[in-house]
Amino acid sequence: MAKILMMRGLPASGKSTQAKELIAQGSWVRLNRDLLREMLHFDKWSGFNEGLTIDAEKILARKFLKKGVSVVIDDTNMGQKHKDMWMEIAKETGSEMATVEKNPPFETILERERDRDKVG
């Protein structure tokens with residue numbers, strides 16, 4: 001059975017790292033609204049663009065889930081309305097849904113952010 005795994009946490013909390021580990025196992029894809037927004041709109045935010053980005057993310061998720069491919073969502077800002085949205089999609093597609101809260105110590109997040117700054 002396909003799964004939706006929604007990861008929540010601050011930037012540099014380890015969401016994308018865990019998503020990459022899942023993808024390496026096979027039968028998982030990653031959906032990330034920030035990356036879709038960049039791809040679709042060259043990162044130009046507007047209410048209209050964001051609506052299209054969310055629509056694209058949901059369409060992709062449904063397609064993958066219906067084909068038995070699990071989806072990991074590692075967007076940064078996800079509150080209860082996002083969890084409800086993903087739970088509804090899980091129900092529609094007969095998939096399981098889980099949420100992982102990434103909460104490393106704040107010092108770890110700061111260290112990771114410093115390392116990101118050195119790379120970029």
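Residues numbered from 1 in each chain as written. Predicted model: local features only at pLDDT ≥ 70, side-chain atom pairs only at ≥ 80, totals over all residues. Heavy atoms only, no water.

**Examining the nonpolar core**
Basically, it comes down to this: In this description, a nonpolar core means a group of buried Ala, Val, Leu, Ile, Met, Phe, Trp, Tyr and Cys residues linked to one another through side-chain atoms lying within 4.5 Å. Burial classes: relative accessible area under 20% of the type maximum marks a residue as buried, over 50% as exposed, and values in between as partly exposed (1.4 Å probe, protein chains only). The secondary structure listing takes helices from DSSP runs of H or I that are at least 4 residues long and strands from runs of E that are at least 2 residues long, numbered from the N terminus. Here, residues are in contact when the closest pair of their heavy atoms is within 4.5 Å.
Judged by nonpolar contacts, the single largest core of 14 residues is most densely connected at I4, L65, V71, I73, W86 and I89. Top element by residues in this core is helix α4 (residues 80–93). It accounts for four residues. In contact with W86, other than residues within four places in its own chain, are I4, M6, E57, A61, I73, M78 and M97. L5, M7, A19 and W28 belong to the second-largest nonpolar core, a separate cluster that totals six residues.

**Details of the pairing of strand β3 (residues 70–73)**
Selection rule: Only strands joined by at least two bridges in the DSSP assignment are considered to pair.
Neither face of β3 is open: one carries S70 and V72, the other V71 and I73, and all of them are buried. With three bridges joining them, strand β1 (residues 3–9) and β3 adopt parallel strand pairing. Bridge pairing in β3 places L5 opposite V72. Looking at chain direction, strand β2 (residues 28–31) and β3 are connected through four bridges and run parallel. From the neighbouring strand, V29 faces β3, where its bridge partner is V71.

**Regarding helix α3 (residues 47–66)**
Stated formally: A helix is expected to span 1.5 Å for every residue after the first. Relevant arc is that of directions from the helix axis to the C-beta atoms, nothing else.
Taking 1.5 Å as the rise per residue, α3 with 20 residues should run 28 Å; its terminal C-alpha atoms sit 29 Å apart, in good agreement. Considered for burial, the residues of α3 that qualify are N49, E50, T53, E57, A61 and L65. In a view along the axis of α3, the buried residues occupy a sector of 130°, so they form one face of it. Turned more than 90 degrees away from the buried face of α3 sit F48, K63 and K66, all of them exposed. Immediately downstream of α3, the backbone of G68 shows phi near 85°, a positive value.

Purely spatial values, then, with no claim about function.
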